[in-house]
Amino acid sequence: MRREMERLYQSPLFQRAASYIEQDAAHTVEQQVELTQIPAFSNQERQKALRFRELMEAEGYSAEMDEVCNVFTRIPGTGEGPTLYVTAHLDTVFPMDTDLQVRREGSKIFCPGIADDTRGCAEILALLRALRESGIRPVGDLLIGANVGEEGLGNLRGMRQFFQSRAQEVDGFFSIDGAGEDITYGGTGSLRYKVTFRGPGGHSYGDFGCVNPIHAMGRAIAKIGELRTPRTPKTTFNVGVVEGGTSVNAIAYECSMLVDMRSEEADALEKLHQEVVRCVEQAAEEENRRWVQERDWLEDNPGRTYDPDARIQVEWEQVGNRPCGSQPLESPLVQTVLEAYRALGTEPGLTAHSSTDANLPLSLGIPACTLGGGGTCGGCHSLEEWYDAAGAPLGTQRLLLAILACVGVTGVSQPLLPKRERP
């Protein structure tokens, strides 16, 4: 593998592409800034997707946009190699009315979404230009573009759409996400629910003794907060949003909470799920039992308006389900990326598990990694998110070398990514 990587790295074709990436660096940042200023909250990416397609077509590529707004093009090889799918996500965590004004301080660019993952989208365009300008013809096929639904409650919508119909085409997958040198090669699974508690509601004084959904939810949160989860596999929980009630002097008729559960392994995630369900069920029953045992309040409230036999009702709505996925560090795809980085003088950090677009292909047994683009970043998912383009061309060159090593280059190198067996 190392010998094949050196041959590719030293080839005039790759060196021509690498030189072009250096010359194109400022243009790449310009496109990054332009795309960042198009709001693209998860599930609302269409405007940004349309502009991204225009930019791909301006580079001379025929771009396809599917029904959920994934945008991609196919660069055909000789028909003798594997197919690698390379993508970055268009969506950000910021609502559509977020102020996306750019601020510069020295070499840093500040703007919500400037790094995660608009840098990845700009890298895709830079890679397309480098391939065009260098005249590289891959042995295997490249599917390359941008996708939707990676963040928050996007629930990997873009990846689900693509792999539902086209998984059999793909032998390997790269997600370009943010900036930096890390390689993520495993997927942290997650389950997310909106849990709604309902009761009859009433006046806080006149209807005292009525079961209270907010009190029931509070009991549930306290119980969830006391759960113990394993460190290995890392398994976590969080109640992230609570809503409900109408007034300080009203017993709520409804309230809800958003619960996030994550784990590196599916069995541990399901066990946590069952424990959270138990916490909620116990909390609802305790609230019901509390007021059944105090029926004397009813005798003192003859003007009550609620049904004394009413009970707390609980509704579960799944709002997120990201599958777990793993592969050995020794897999050909991971080792190819490592060798590509090392050929360019980078010793990357390795992350065994995270939650990215790569979760979906990994769960299907398709080798996949998530890679940082060029430059550095910080403050991601905050209004002070920033990106620094210093050294950015090296990151783009690493990505290109890894991609070309996987699919091979006609007349230069053979593909290092094996073709998958098809059913």
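Please read these numbers as outputs of a predicted model, since none were measured by experiment.

Visitor: When you look at the sheet that holds strand S8 (residues 183–184) in this model, what are you seeing that I'm missing?
Guide: Within a beta sheet, neighbouring strands are joined by backbone hydrogen bonds and run either parallel or antiparallel to one another. Pairing within the open sheet is mixed, and its eight strands lie in the order S1-S2-S6-S3-S7-S16-S8-S15. If you trace the sheet from one side to the other, it starts and ends with strand S1 (64–65) and strand S15 (350–351), each paired once. Pairing of strand S3 (residues 83–89) with strand S6 (residues 141–147) involves seven bridges; the strand directions are parallel. Among the inter-strand pairings, Thr87 is bridged to a residue of S6, identified as Gly145. Against the sheet, helix H4 (residues 46–58) makes contact with S1, strand S2 (71–75) and S6, and its axis sits at roughly 25° relative to S2, the strand it touches most.

Visitor: Any chance you could explain helix H10 (residues 332–343) here in plain terms?
Guide: Structural remark: α-helix, 3.6 residues per turn; residues separated by three or four positions point the same way. For H10, spanning 12 residues, the distance from its first C-alpha to its last is 16 Å, which sits close to the expected 16 Å at 1.5 Å a residue. Across the 12 residues of H10, nine count as buried, placing the element largely inside the fold. Within H10 the residues assigned to the buried category are Leu333, Val334, Thr336, Val337, Leu338, Glu339, Ala340, Tyr341 and Ala343. Buried residues along H10 sit against helix H1 (2–10), strand S7 (172–179), S8, S15, strand S16 (368–373) and helix H12 (392–407). With its phi angle positive at about 80°, Gly345 sits one or two positions after the end of H10.

Visitor: How should the side chain of Thr346 be read in this particular structure?
Guide: Looking at the secondary structure, you find Thr346 in the loop between H10 and S15. One polar contact links Thr346 to Arg398, side chain to side chain, over a distance of 3.1 Å. If we skip the residues at most four places from it in the chain, Thr346 touches Glu181, Tyr341, Leu394 and Arg398.

Visitor: Honestly, the packing of H1 against H12 in this entry has me stumped. Any pointers?
Guide: Axes are the key here: two packed helices are described by the angle between their axes and the distance separating the axes. One can describe the packing of H1 onto H12 by two numbers: an axis separation of 10 Å at closest approach and a directional angle of 120°. Taken together, H1 and H12 sit at an angle that is classed as oblique. Relative to H12, the crossing made by H1 is right-handed. Contact residues: H1 offers Met5, Leu8 and Tyr9, while H12 offers Leu401, Leu404 and Ala405. Tallied by class, residues from the contact of H1 with H12 come to six nonpolar, no polar and no charged.

Visitor: I tried to follow the state of the cysteines on my own but got confused; where do I start?
Guide: By definition, a disulfide links the sulfur atoms of two cysteine residues through a covalent bond. Tallying each qualifying case throughout the model produces zero disulfides. Left unpaired, Cys69 is separated from the closest cysteine sulfur, that of Cys121, by 13 Å. We classify Cys69 as buried; its relative accessible area is 8%. We note that Cys324 lacks a disulfide partner, and the nearest cysteine sulfur, in Cys369, lies 17 Å from it.

Visitor: Got a minute to help me understand the sheet that holds strand S11 (residues 235–244) in this structure?
Guide: Spatial ordering of the open sheet is given by S11-S13-S9-S14, a layout of four strands whose pairing is antiparallel. Taken across any chain shown, the strands that pair with only one partner, and hence form the sheet edges, are S11 and strand S14 (313–322). Each adjacent strand pair in this sheet contributes to an overall mean axis angle of 20°, direction not counted. Looking at chain direction, strand S9 (residues 189–198) and S14 are connected through nine bridges and run antiparallel. In the strand pairing of S14, Leu191 is matched with Asn321. On the sheet, helix H7 (residues 213–225) packs against S9, S11 and strand S13 (254–263) and is oriented at approximately 15° with respect to S13. Helix H8 (residues 266–292) rests against S9, S11, S13 and S14 of the sheet, and its axis sits at about 160° to S13.

Calculation criteria
Residues numbered from 1 in each chain as written. Predicted model: local features only at pLDDT ≥ 70, side-chain atom pairs only at ≥ 80, totals over all residues. Heavy atoms only, no water. Pairing = 2+ DSSP bridges. Helix = DSSP H or I, 4+ residues; strand = E, 2+ residues; numbered from the N terminus. Contact = heavy atoms within 4.5 Å. Axes fitted to C-alpha atoms, helices over the stretch in contact; angles between N-to-C directions. Expected span 1.5 Å × (residues − 1). Buried < 20%, exposed > 50% of the residue type's maximum accessible area, 1.4 Å probe, protein only. Polar contact = N/O pair within 3.5 Å; in protein donor to acceptor, adjacent residues only side chain to side chain. Parallel < 35°, antiparallel > 145°, perpendicular 65-115°, else oblique. Left-handed = near helix turned anticlockwise from the far one by under 90°. Nonpolar A, V, L, I, M, F, W, Y, C, P; charged D, E, K, R; others polar. Disulfide = S-S within 2.5 Å.

Functional significance is not addressed by these values, which are geometric in nature.
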